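# Structural features, examined
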Amino acid sequence: MDDAAFEDLELHVLTLAFQIEGLKKNATTNKQRNSLKMIEEDYRYYKRQYDQQVKKMEKEIPKKVSFGDWD
């Protein structure tokens with residue numbers, strides 16, 4: 001996944017999390033509660049994808065990073 005796609009995925013996850021928090025505080029009607037459930041399902045799906053990408057990125061980072069003379 002390229003950097004732009006990863007950033008879009010990260011932004012989408014954060015946006016969904018923000019929407020969930022807002023609906024949890026203000027969901028008073030059945031329609032709002034149903035929307036909350038749907039958004040939570042979307043959040044779990046995209047969060048899983050995001051977590052998988054982060055794991056892949058962690059594997060690509062070398063275990064020992066050299067900082068020149070600072071080792």
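### Description of the overall build of the protein
Check the secondary structure of the protein and you find two helices and zero strands. Burial status across the protein gives 15% buried among its 71 residues. Taken as a whole, the protein presents about 6,300 Å² of accessible surface, with 54% of it coming from carbon and sulfur.

### Overview of the pattern of salt bridges
Under the defined criterion, the tally for this structure stands at one salt bridge. Lys47 serves as the salt-bridge partner of Asp51, at 2.9 Å between the closest nitrogen and oxygen. In this pair, Asp51 and Lys47 are both assigned in helix 2 (residues 30-60), four residues apart and thus about one turn of the helix distant.

### A closer look at the packing of aromatic side chains
Across all of its chains, the model carries two aromatic pairs by this definition. Measuring from centroid to centroid gives 5.4 Å for Phe6 and Tyr50, while their planes differ by 20 degrees, and the two rings are stacked. Here Tyr50 lies in helix 2 and Phe6 lies in helix 1 (residues 3-26), a separation of 44 residues in the sequence. The burial state of Phe6 is the same as that of Tyr50; both residues are buried.

### Side note on helix 1
Between the first and last C-alpha of helix 1 there are 35 Å, a value that for 24 residues agrees with the 34 Å anticipated at 1.5 Å per step. When helix 1 is considered as a whole, its buried residues turn out to be Phe6, Leu9, Val13, Leu16, Ile20 and Leu23. Residues of helix 1 that are buried in the fold lie against helix 2.

### Concerning the environment of Leu23
Topologically, Leu23 is positioned in helix 1. Apart from residues no more than four positions distant in its own chain, Leu23 is found in contact with Gln32, Ser35, Leu36 and Ile39.

Reading the values: rules and limits
Residues numbered from 1 in each chain as written. Predicted model: local features only at pLDDT ≥ 70, side-chain atom pairs only at ≥ 80, totals over all residues. Heavy atoms only, no water. Helix = DSSP H or I, 4+ residues; strand = E, 2+ residues; numbered from the N terminus. Buried < 20%, exposed > 50% of the residue type's maximum accessible area, 1.4 Å probe, protein only. Areas by Shrake-Rupley, 256 points an atom, 1.4 Å probe, with all protein chains shown as cover. Salt bridge = Lys/Arg side-chain N within 4 Å of Asp/Glu carboxyl O. Phe/Tyr/Trp six-rings, centres within 6.5 Å; stacked < 30°, edge-to-face > 60°. Expected span 1.5 Å × (residues − 1). Contact = heavy atoms within 4.5 Å.

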